[in-house]
Amino acid sequence: MKTFLRVVCRLALLSILALPCNVLWAQESESALHDEMEAINHNFRLVGRQYTDSAQKASTLSLVADMQKHAEKARTLTPPKAEKLTGDDQTKYVDTFHKDIDALLTEIKALQQAIASDKTDVAKAEIDRISQLKASSHKELGVGGGGKHHGPPPTSAAPPTPPAAPPGQ
Ligand code: HEM
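What you are looking at is a predicted structure, and each value in this text was computed from that prediction instead of being measured.

**Points about the nonpolar core**
Within the largest apolar cluster, 23 residues are counted, with the highest numbers of intra-cluster contacts made by Val64, Met67, Ala71 and Leu111. Elements with a minimum of two residues in this core: α2 (32-50), α3 (57-75), α5 (87-116) and α6 (120-141). Ranked by residues supplied to this core, first place goes to α5 with eight residues.

Structure, rendered in C-alpha cells:
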C-alpha cells in the first residue's frame, strides 16, 4: 500500500512539474489567428445545425454576427506562416490572406441577409459557399492540415452513394 501511495505521489508531482511545459507549448503552437478561426468554426457549425429552425432565428443571426466579428478580427492579424516569409513572398501571402478573408466577409453578410429574410435555400447555398471558401483558402495558404475541429462541413448531409450494381443486374 505504501509503495502504491509513493507511486501515486510521484505521478502527481510529475504532472504538476510538466504543466508549465504544456502551457508554454500550447502558447507557442496556437496563434491569435488560430483562436479566431476556431471561433468562426464553432459558430459556423452551430449555424449549420440550426439555420432551418425558424424558432432559433435570433440565435442563428447572433451566431452569424459572431462569425463576422471573428472574421473582422482575423483580418487584423498576421498569419504565422507569413511571419516566416520575407519580401515579395510575404506580401503575396498576406495579400491572398486579405483577399480570402474579404471574400469570407462578403459571404457572411449574404448568409446574414438570407437568414434575416427567411430564405433557407439561399442560406444553404451560402453555407456551402463558405465551406468551399474555407477549403480553397486553407489549401491556397497551406494551413488547416488537421486540427481537432476538422470534420465534415455542416450541410454535408448528402447520403452516401450506394455501391454500383454488379454487371448483368
Ligand atoms: C475564407 C477565408 C479564410 C482564411 C483566409 C483562413 C485562414 C486561415 C489561416 C491562415 C489559418 C492558420 C492559422 C494559424 O496557423 O494559426 C487558419 C486556420 C484555421 N481556420 Fe481558417 N481561414 C478562412 C476561413 C475559415 C473558415 C470559414 C473556417 C471555419 C468555418 C476556418 C477555420 C479554421 C480552423 C478551425 C483553423 C485551425 C486549423 C488548424 O490549425 O489545423 N477558416 N485559417
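**Observations concerning the packing of α3 against α5**
Interaxial distance between α3 and α5 falls to 10 Å at its minimum, and their mutual angle equals 165°. Judged by the angle between their axes, α3 and α5 are roughly antiparallel. Helix-helix and strand crossings are classified by hand; for α3 and α5 the assignment is left-handed. From α3, Lys57, Thr60, Leu61, Val64, Met67, Gln68, Ala71, Glu72, Ala74 and Arg75 reach across to α5, where they touch His98, Ile101, Leu104, Leu105, Ile108, Leu111, Gln112, Ile115 and Ala116. Looking at side-chain class alone, the contact of α3 with α5 contains twelve nonpolar, four polar and three charged residues.

**As for α6**
A rise of 1.5 Å per residue sets the reference length of α6, with its 22 residues, at 32 Å; its end C-alpha atoms lie 31 Å apart and thus fit the reference within 8%. Within the sequence span of α6, burial applies to Ala123, Glu126, Ile127 and Ile130. Each buried residue of α6 lies within a common arc of 105° when the element is viewed along its axis, so the set occupies one face. Along α6, the residues that are exposed and aim more than 90 degrees away from the buried face are Asp121, Gln132, Ala135, Ser136 and Lys139. Buried-residue contacts for α6 involve α2 and α5. Of the residues trailing α6, Gly142 is marked for its positive phi of about 70°.

**Concerning the packing of α5 against α6**
Between α5 and α6, the least distance of the axes is 9 Å, while the angle of their chain directions is 170°. The angle between α5 and α6 falls in the class roughly antiparallel. Between α5 and α6, the contacting residues are Thr96, Phe97, Asp100, Ala103, Leu104, Glu107, Ala110, Leu111, Ala114 and Ile115 on the first element and Val122, Ala123, Glu126, Ile127, Arg129, Ile130, Leu133, Ser137, Glu140 and Leu141 on the second. Looking at side-chain class alone, the contact of α5 with α6 contains 13 nonpolar, two polar and five charged residues.

**A word on the environment of Met67**
Assignment of secondary structure puts Met67 in helix α3. For Met67 and Phe44, which are 23 residues apart along the polypeptide, the C-alpha to C-alpha distance reads 7.0 Å. When neighbours within four sequence positions are excluded, Met67 is seen to be in contact with Ile40, Asn43, Phe44 and Ile108.

**A few points about α2**
With 19 residues, α2 should cover 27 Å at 1.5 Å per step; its first-to-last C-alpha distance of 28 Å lies within 8% of that length. Every buried residue belonging to α2 is among Leu33, Glu36, Met37, Ile40, Asn43, Phe44, Val47 and Gly48, and all of these are buried. Looking straight down α2, one finds its buried side chains confined to an arc of 140°; they lie on one side. Against the buried residues of α2 lie α3, α4 (80-83) and α6.

Basis of the calculations
- Residues numbered from 1 in each chain as written.
- Predicted model: local features only at pLDDT ≥ 70, side-chain atom pairs only at ≥ 80, totals over all residues.
- Core = buried A, V, L, I, M, F, W, Y, C linked by C-beta atoms within 7 Å.
- Buried ≥ 20, exposed ≤ 12 C-beta atoms within 10 Å, placed from the backbone.
- Helix = DSSP H or I, 4+ residues; strand = E, 2+ residues; numbered from the N terminus.
- Axes fitted to C-alpha atoms, helices over the stretch in contact; angles between N-to-C directions.
- Parallel < 35°, antiparallel > 145°, perpendicular 65-115°, else oblique.
- Left-handed = near helix turned anticlockwise from the far one by under 90°.
- Contact = placed C-beta atoms within 7 Å.
- Nonpolar A, V, L, I, M, F, W, Y, C, P; charged D, E, K, R; others polar.
- Expected span 1.5 Å × (residues − 1).
- Arc of directions from axis to C-beta.

Geometric descriptors of this kind do not, in isolation, establish any biological role.
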